[in-house]
Structure formats: C-alpha cells, structure tokens
Amino acid sequence: MSSVSKVRRESRIRRHARVRKSIKGTATRPRLAAFRSNKHFVMQLIDDETGRTIAAASTHEASMKSTGGSATVEGAQRVGALIAERAKAAGVTKVVFDRGGFIYHGRIAAAADAAREAGLEF
C-alpha cells in the first residue's frame, strides 16, 4: 500500500471512530452503515445494542451484478433502494445514518437519497 493511500485509509478510520462516538443503533432505530470501496458498495442495518445485523445489501449480490455498474452512483442508488425495501420487510422505518467516515458526496449521498425516497426516515 502506498503511503498516500495508507494515510487516506487511516484518516477515514479516525473520522469514522469520531462519528461512532455519538451514533448508536437501537432495535427501534438501527444504524444504517455505508461502506464503499473502489469496486463495490455495501449498506447494513445494525442494532448496536445486541450486535446484530438486521438487513444488508451490496453490489456483491448476484441480482446487483446482473444489472451492471457496481462502483457507480447508479449502483449505490440501487443498493440504497434495496436496503430500504429490506428494512421495511424487517419492520424498520427510522434509522440513524452512518456514513462510515466518507464525505457525504457521490455514492454515499446517492445511496442515502435513494433510501429516503424508498421510505426510510433519517
């Protein structure tokens, strides 16, 4: 890993730790955690009190791979809509958004907006 990418990764981890000090997911209002890599996008609904993942969606899934564009804004929008659909099926309508130390821009913002449009309240 080059020194620039190592510094960026460590900085993101520090930012995420700062954000996680104040954000806690509960059973009634779980944490919607977003993670992006260079190739994929992942979102999870997490109840931090019990340490359980309620629902998850990712561009790794076969249904997402067939639609193409996993590392794009459109891929993130599809993941956001899918996680909202799965959250509703699990009986969750309100969540706390955890951007994972990433800036609220591009794929992160697109996924959050898609989840809001699909019915989740942040």
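Below you will find a few notes about this structure. Quantities reported herein were computed from a predicted structural model and do not represent experimental measurements.

Thresholds applied
- Throughout this document, residue positions are counted from 1 along each chain, in the order its sequence is written.
- Local features in this predicted model are restricted to residues whose pLDDT is 70 or higher, and side-chain atom pairs enter the listing and the counts only when it is 80 or higher, whereas totals over whole chains, interfaces and linings include all residues.
- Think of the side-chain values as coming from all heavy atoms in the structure, minus any hydrogens and water.
- The numbering of helices and of strands both runs from the N terminus, where a helix is a DSSP run of H or I of at least 4 residues and a strand a run of E of at least 2.
- Only protein chains enter the area calculation, which uses a 1.4 Å probe; residues under 20% of their type maximum are buried, those over 50% are exposed, and those in between are partly exposed.
- Whether two residues are in contact is decided by their heavy atoms: any pair within 4.5 Å suffices.
- Whenever two N or O atoms come within 3.5 Å, that pair is a polar contact, provided that in protein one can donate a hydrogen and the other can accept it, and provided that, for residues adjacent in sequence, both atoms are side-chain atoms.
- A side-chain nitrogen of Lys or Arg and a carboxyl oxygen of Asp or Glu constitute a salt bridge if their distance falls within 4 Å.

**Re the environment of Arg116**
- Secondary-structure assignment places Arg116 in helix α4 (residues 107-117).
- The exposure class assigned to Arg116 is partly exposed, which follows from its relative accessible area of 37%.
- Every residue in contact with Arg116, bar those within four places of it in the chain, is listed here: Tyr104 and Phe122.
- Reaching out from Arg116, the side chain makes a polar contact with the side chain of Asp113 at a distance of 3.0 Å.

**Describing the pattern of salt bridges**
- For the coordinates displayed, the defined rule picks out 5 salt bridges.
- The partner of Asp48 in a salt bridge is Arg31, with the nearest N and O atoms 2.9 Å apart. Residue Asp48 is found in the loop between β2 (41-47) and β3 (52-58), and its partner Arg31 is found in strand β1 (residues 31-36); the two are separated by 17 residues along the sequence.
- Its relative accessible area of 24% is what places Asp48 among the partly exposed residues.
- Using a relative accessible area of 7% as the deciding quantity, one classes Arg31 as buried.
- Across the pair Arg31 and Asp98 runs a salt bridge whose closest N-O atoms are separated by 2.8 Å. Within this pair, whereas Arg31 is found in strand β1, its partner Asp98 is found in strand β4 (residues 96-98), the two being separated by 67 residues in sequence.
- Judged by relative accessible area, Asp98 falls into the buried class, the value being 0%.

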